[in-house]
Amino acid sequence: MAFRRGFAQVELLATSYKVIKNLLHDAAEFSSMYGYIYGGSSQFVEQDDGKQASKTDAIETVEDDSGSDGFIEIIPIKGCDDEEKTLYIVDEAHLLSNSFAQPLMKQFGTGRVLADFLTFMNLGESKRKVIFIGDQYHMIMGKKDENALNTLFYTSHLKLENDSKVYSLTPKQGNDITAQARYLVDDIDKKRFNNLSFDYGDNFTLLDRTETPELIADNLKNDFKILNYTNKSCSAVNLWIKKTELC
């Protein structure tokens, strides 16, 4: 679809290789954000006063009791060789933030990945576009107002005169599970966290544990879902299905 709309290049990205491996199925199609936008010759900056030094100088002259050499490795932002009209699609974008990060004496770019990504794309002055896909109601990285799914971040960071270039799309209601999730989302938006409830009916019902085996046996070939409160409960149900229904 992107190519039909005139894009010469499409790139699929996620925040890290760990996210790609654990959360995304088409791992071969995705690139790590860090691997894609950072690279080249590192600089070594003294942690205390910001003085730059070569790697050799750092190792030979600075040492403290913790074993650290006292210098921070700064890995620069790459130059972007992508097509002028490239579409970037970033999945699990709720894990992408502009909050400052400097892990283990190493800093990627300015230390603010989201801003560095916008710089890499030259988003404000090129024909490149980006789609962030994520769920702001999942656990996010960093501050909420610096998260990749916060549209207000872009209007201020890119100094847009209005928000006409930034769009936020919410999926349609969809199936019964999605409809129930909207009740929870509405409560989160209202900061009401003590009113967990669902609208039960023919297509969404609360089961007693004794009813579950019969329901699964009768509907195994149908399109149905079982929701559990904990991962442990999910594992128990899946294991029961494998042992009793699929063997």
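Reading the values: the criteria
Residues numbered from 1 in each chain as written. Predicted model: local features only at pLDDT ≥ 70, side-chain atom pairs only at ≥ 80, totals over all residues. Heavy atoms only, no water. Core = buried A, V, L, I, M, F, W, Y, C linked by side-chain atoms within 4.5 Å. Buried < 20%, exposed > 50% of the residue type's maximum accessible area, 1.4 Å probe, protein only. Helix = DSSP H or I, 4+ residues; strand = E, 2+ residues; numbered from the N terminus. Contact = heavy atoms within 4.5 Å. Lys, Arg positive; Asp, Glu negative; His and termini not counted. Salt bridge = Lys/Arg side-chain N within 4 Å of Asp/Glu carboxyl O. Polar contact = N/O pair within 3.5 Å; in protein donor to acceptor, adjacent residues only side chain to side chain. Pairing = 2+ DSSP bridges. Axes fitted to C-alpha atoms, helices over the stretch in contact; angles between N-to-C directions. Patch = residues over 30% accessible without salt bridge, like charges linked within 9 Å, V, L, I, M, F, W, Y side chains within 5 Å. Areas by Shrake-Rupley, 256 points an atom, 1.4 Å probe, with all protein chains shown as cover. Charge placed at Lys NZ, Arg CZ, Asp CG, Glu CD. pLDDT = per-residue confidence, 0-100.

**What about the nonpolar core?**
The tendency in soluble globular proteins is for nonpolar side chains to be buried side by side.
Right, on to step 1. Formed by 21 residues in total, the largest nonpolar core has its most connected members in Met33, Val90, Leu96, Phe117 and Phe132.
Right, on to step 2. Listing elements by their share of this core, those giving two or more residues are α2 (33-37), β6 (86-90), α4 (113-121) and α5 (151-157).
Right, on to step 3. Of all the elements, α4 adds the most residues to this core, at six residues.
Right, on to step 4. Residues contacting Met33, with those up to four places away along its chain left out, are Leu13, Ala14, Thr15, Val90, Leu96, Val113 and Phe117.

**What to know about the side chain of Asp82**
Right, on to step 1. Assignment of secondary structure puts Asp82 in the loop between β5 (71-75) and β6.
Right, on to step 2. One buried charge, Asp82, has no salt-bridge partner; the nearest side chain with opposite charge is Arg128, at 5.5 Å.
Right, on to step 3. Within the structure, the side chain of Asp82 is placed 2.7 Å from the side chain of Tyr88, a separation counted as a polar contact.
Right, on to step 4. Dropping the residues within four chain positions of it, Asp82 is found in contact with Gln9, Tyr36, Tyr88, Phe120 and Arg128.

**Things to note about the sheet that holds strand β2 (residues 30-32)**
Right, on to step 1. Strand order in the open sheet formed by four strands is β2-β1-β6-β8, and the pairing between neighbours is parallel. Taken across any chain shown, the strands that pair with only one partner, and hence form the sheet edges, are β2 and β8 (129-132). On average, adjacent strands in this sheet sit at an angle of 30 degrees to one another, irrespective of strand direction.
Right, on to step 2. Bridging between β6 and β8 involves four bridges; their strand directions are parallel. Within the sheet, the bridge partner assigned to Val90 lies in β8 and is Phe132.

**A closer look at the pattern of salt bridges**
Right, on to step 1. Counting across every chain of the model gives one salt bridge.
Right, on to step 2. The salt bridge partner of Glu146 is Arg112, with a shortest N-O separation of 4.0 Å. Residue Glu146 is found in the loop between β8 and α5, and its partner Arg112 is found in the loop between β7 (106-108) and α4; the two are separated by 34 residues along the sequence.
Right, on to step 3. With a relative accessible area of 30%, Arg112 lands in the partly exposed category.

**Quick notes on α4**
The α-helix advances 3.6 residues per turn, and as a result positions three or four apart in sequence lie on the same side.
Right, on to step 1. When you tally the buried positions in α4, you get eight out of nine residues, the bulk of the element.
Right, on to step 2. Asn122, located one to two residues past α4, shows a positive phi value of around 55 degrees.

**Details of a negative patch on the surface**
Right, on to step 1. A cluster of acidic residues, Asp208, Glu211, Glu214 and Asp218, forms a negative patch on the protein surface.
Right, on to step 2. In this structure, Glu211 sits in the loop between α6 (176-189) and α7 (212-219).

**Brief notes about the confidence of the model for the protein**
Right, on to step 1. Here the protein averages 78 in pLDDT, and 81% of its residues register 70 or above.
Right, on to step 2. Here residues 49-68 is a poorly scored stretch, pLDDT under 50, and it has 23 contacts once near neighbours within four places are set aside; other chains count.

**Comments concerning the pairing of β6**
Right, on to step 1. Where burial is concerned, most of β6 is hidden: five out of the five residues are buried.
Right, on to step 2. In this structure, strand β1 (residues 9-14) lies alongside β6, joined through five bridges in parallel fashion. From the neighbouring strand, Leu12 faces β6, where its bridge partner is Ile89.

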